[in-house]
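# Residue-level structural notes
Chain by chain, the residues run as shown.
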Amino acid sequence: MITSAITDVVGRRVWDSRGRPTVEVEIALESGAIGRAIAPAGASRGSREAIDLRDGGEHLAGYDVGTAVAQVAAKIAPSVKGLDAADQRSIDDALIALDGTKTKSVLGGNAMVATSLAVLHAAAADAGIPLWKWVAQSNEREPTIPLPEIQIFGGGAHAGRRVDIQDFMVMVPGAADFEEVMEVTSNIYRAAGRVMEEKGGITGVADEGGWWPNFDSNEEALECLVRAIEMAGEIPGERVVISLDIAASEFFENGEYRLALEDRAMDADGQIELLESWLDKYPIASIEDPLAETDKEGMRAFTQAFGERVQIIGDDYLVTNAALVEEAASDGACNAVLIKVNQAGTVSESIDAYHAAQAAGFGTIVSARSGESEDTSISHLSAGLNARQLKVGSFTRSERMAKWNECLRMQCQPGMGGFVGGEALANTWWGRSQ
Ligand code: 2PG
Ligand code: MG
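Each chain has its residues counted from 1, running along the sequence as written. Think of it this way: whatever chain is written first is A, whatever ligand is written first is 1, and the rest follow in order. Reporting in this predicted model follows two pLDDT cut-offs: at least 70 for local features of residues, and 80 or more for side-chain atom pairs to be given and counted; totals over whole chains, interfaces and linings ignore these cut-offs and use all residues. The basis for every side-chain value is the complete set of heavy atoms in the structure, and neither hydrogens nor water enter the calculation.

For the rest of this paragraph, the subject is the site of ligand 1. If even one non-hydrogen atom of a residue comes within 4 Å of a molecule or strand, that residue is called near it. Among the 16 residues in the neighbourhood of ligand 1, the closest are listed as Ala 43, Ser 44, His 158, Ser 370 and Lys 391. In protein, a polar contact means a hydrogen-donor-capable atom and an acceptor-capable atom, both N or O and within 3.5 Å, with residues adjacent in sequence counting only if both atoms are side-chain atoms; elsewhere, any N or O pair within 3.5 Å suffices. In this structure, Asp 315 approaches ligand 1 through a side-chain N or O atom, which is 3.0 Å from an oxygen atom. At 2.7 Å from an oxygen atom of ligand 1 is found a side-chain nitrogen or oxygen belonging to Lys 391. When residues of the shell around ligand 1 are assigned to domains, at least three fall in each of domain 1 (6-128) and domain 2 (139-433). As used throughout, domain bounds are those supplied by an automatic or database domain assignment.

Structural data, given as C-alpha cells:
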C-alpha cells in the first residue's frame, strides 16, 4: 500500500486579497496527511498564461469560481484519486492531459494550480518535513533564503492606472541577512509614507500594499523613492537598490508605448531611451517587462544594450514557460525570468521553466500575484528551488507579510542554507561592483 496515495480531493470557494472569490483545494492521503493551497490571481496578465475559470455574468461581477470548484469535484478528484502524491510530475501530467488545452481553459488554471500545489503540500506533510525541504529534496537543490524585491509604490493595473509604471520596488542586496532586509525595508516604507504626507497627504495603498501613486509623472515616483531611501538613512545604490516592473504590455497599443499620465506616446526606441535615462539617473539594478510581450525586437534591443548592466526580467514576456525561456535565451532577450506557478498552471511546468532558466544562465525570481491570500507556498518554492529571489508585493497587508514572515521561520529550520543576498544580483552593476 502506498501511504502517500490520494484518497480525497475537495475544492472550495475562498476569498482573495482583492475581495474576489478564488479556489482552494484540499488533498487527503492514505496516511492521513493533508495538503491545502489557494490559487492566486493576476491583474496584469500575460496573454499566454493559464486562464482562470470564472463564471461570468452579473453575480459577483463575473468573478465567481463556481465552475472551477465544480471541476475539482467532477473531473479532477476522480482522475487523481489513488495516484501517489509523492510523484508530482505524474499527477501534473494527468491534470494536463485531462484538461487538454494549452491555456488550461477546461479545468481552469485556478482549479489546476490549487490542486497541483495542494499535492505538493500533502506530499511534504506525508514525508513529515517542511515544504521547502520537500521541494529541495525532490528536485535535488540546495535550499537558500532568497533576496526579496519589495514594493514601495504601486501603480499601473494595481492602482487604477493612476501612473503607468506598475511596481516601484527596493532590494537590499547589501544586507547581511534576511532580518536586515526586513528592517531596512520597514524604514524605507515608512519614510515613503512621510514623503507622500509632505506631498499633500496619504491617499491609501494600491493592490499589493504599496503607497498609492499620487504623482504628476512616472519619474516623480522614482524621485520620491530615492528620497524615501535617503530619509531612511541609506545611500541609494549602496546597500539598497531600485527594482522596477514596467509591465509595458499594459500601455502598449497599436505599436506605441502610451504613458497616459504624461500624455506621451513613443515607439520602442523612445521607450528604450526613456528607460536608459532612468538607468543613468537612478540606482536601478533590476527591470521587469521593459517592453511589451509582443515586442520581441524591442526586448532584444533593450537586452543587447543593457543586459550587462541590469537584471532584465521577463514576466508577461515569458509567462513561466520553458519553451519561451529557451526561445528568449537564443534570441538574446531577457536575462532573468519571473516564476509564477499560476501562469504555468502546475508545479511541474513551473519547475521546467526554472530549469530552462538555469540552463540559460538566467536569474530566477519566484513571484506572487497581485491577488493573493494567506497561502505561503511561494516562499517555500523560492527557498527549496534555490531560486535566489522572491517578489511578493509590499511591506504591509497580511497576504504579503505572511510570505516574508514565513522566510523568517524557514531560515531557522535545520537544513536550510544561508541568505543569498547580493549574489543574486551577479548579473548587474551592483553584483559586479561589490
Ligand atoms: C506582476 C504581478 C505582481 P499581476 O506583474 O509581476 O506584481 O502582477 O499579478 O497583476 O500580474
Ligand atoms: Mg510583472
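Here a helix means four or more residues in a row that DSSP labels H or I, a strand means two or more in a row labelled E, and each is numbered from the N terminus. Multiplying 1.5 Å by the helix residue count minus one yields the expected span of that helix. For helix α2 (residues 88-99), built from twelve residues, the straight-helix expectation of 16 Å at 1.5 Å per residue is met to within 8% by its first-to-last C-alpha distance of 17 Å. Here the term buried applies to any residue with accessible area under 20% of the maximum for its type, exposed to any over 50%, and partly exposed to those in between, with areas from a 1.4 Å probe on protein chains only. Among the residues of α2, Gln 88, Ile 91, Asp 92, Leu 95 and Asp 99 are the ones counted as buried. Projection of α2 onto a plane perpendicular to its axis shows the buried side chains occupying an angular sector of 100 degrees, all on one side. By definition in these notes, contact holds between two residues if any of their heavy atoms fall within 4.5 Å. Summarising the contacts, the buried residues of α2 are in contact with β1 (6-15), α1 (66-80), α3 (109-127) and α11 (347-360). Where α2 ends, the next residue or the one after it, Gly 100, has phi of about 75 degrees, a positive value. Here the arc refers to the directions that run from the helix axis out to each C-beta atom.

A word on the environment of Leu 275. Following the sequence through the fold, Leu 275 ends up in helix α7 (residues 268-281). A C-alpha to C-alpha distance of 21 Å links Leu 275 and Asn 214, two positions 61 residues apart in sequence. Apart from residues no more than four positions distant in its own chain, Leu 275 is found in contact with Ile 246, Ile 287, Pro 290 and Phe 302.

Spatial ordering of the open sheet is given by β7-β8-β9, a layout of three strands whose pairing is antiparallel. Each edge of the open sheet carries a strand with a single partner, namely β7 (252-253) and β9 (264-266). Across the sheet, α7 lies against β8 (256-259) and β9, angled at about 110 degrees from β9, the strand it touches most. Strands are treated as partners if at least two bridges between them are detected by DSSP. Structural elements are reduced to axes, namely lines fitted to C-alpha atoms, with helices fitted over the stretch in contact, and the angle between N-to-C directions of any two is expressed from 0 to 180 degrees.

Here we come to the coordination of the magnesium ion (ligand 2). Ligation of the magnesium ion (ligand 2) by protein atoms is provided by Asp 245 (OD), Glu 288 (OE) and Asp 315 (OD), these donors lying 2.0 to 2.2 Å from the ion. Donor residues for the magnesium ion (ligand 2) sit on one chain with the sequence pattern D-x42-E-x26-D. You can see Asp 245 sitting in strand β6 (residues 241-245) and its partner Glu 288 sitting in strand β10 (residues 284-288), a full 43 residues away along the chain. The pair formed by Asp 245 and Glu 288 is uniform in burial state, with each residue classed as buried. With water excluded from the atoms, a metal site may look incomplete; its donors are any N, O or S atoms within 2.8 Å, or within 3.2 Å for Na, K and Ca.

According to the domain assignment, the chain contains domain 1 (6-128) and domain 2 (139-433). On a C-alpha basis, the centres of domain 1 and domain 2 stand 27 Å from each other. Taken together, the contact pairs 28 residues of domain 1 with 32 residues of domain 2. Once two parts are brought into contact, the accessible area they lose, counted with a 1.4 Å probe and summed over both, makes up the buried area. Considering only the surface of domain 1 that becomes buried against domain 2, Ser 17, Ser 44 and Arg 48 emerge as the three largest contributors, covering 24% of it. One side-chain nitrogen of Lys or Arg within 4 Å of one carboxyl oxygen of Asp or Glu is enough to make a salt bridge. Remark: the boundary between domain 1 and domain 2 carries four salt bridges. Glu 349 is the partner of Lys 104 in a salt bridge, and the nearest nitrogen-oxygen pair spans 2.6 Å. For the pair domain 1 and domain 2, the interface holds 22 residue pairs in polar contact (both at pLDDT 80 or more). Residue contributions to the side of domain 1 that touches domain 2 peak at six residues, all from α3.

What follows covers the pairing of strand β2 (residues 21-29). With nine of nine residues buried, β2 lies mostly within the body of the structure. Inspection of the sheet shows β1 paired to β2 by nine bridges, in the antiparallel sense. Paired with Gly 11 across the strands is Val 25, a residue of β2. Here β1 hands over to β2 after five residues, with Gly 19 in that stretch at a positive phi of 75 degrees. In this sheet, strand β3 (residues 34-38) lies alongside β2 in antiparallel orientation, the contact comprising five bridges.

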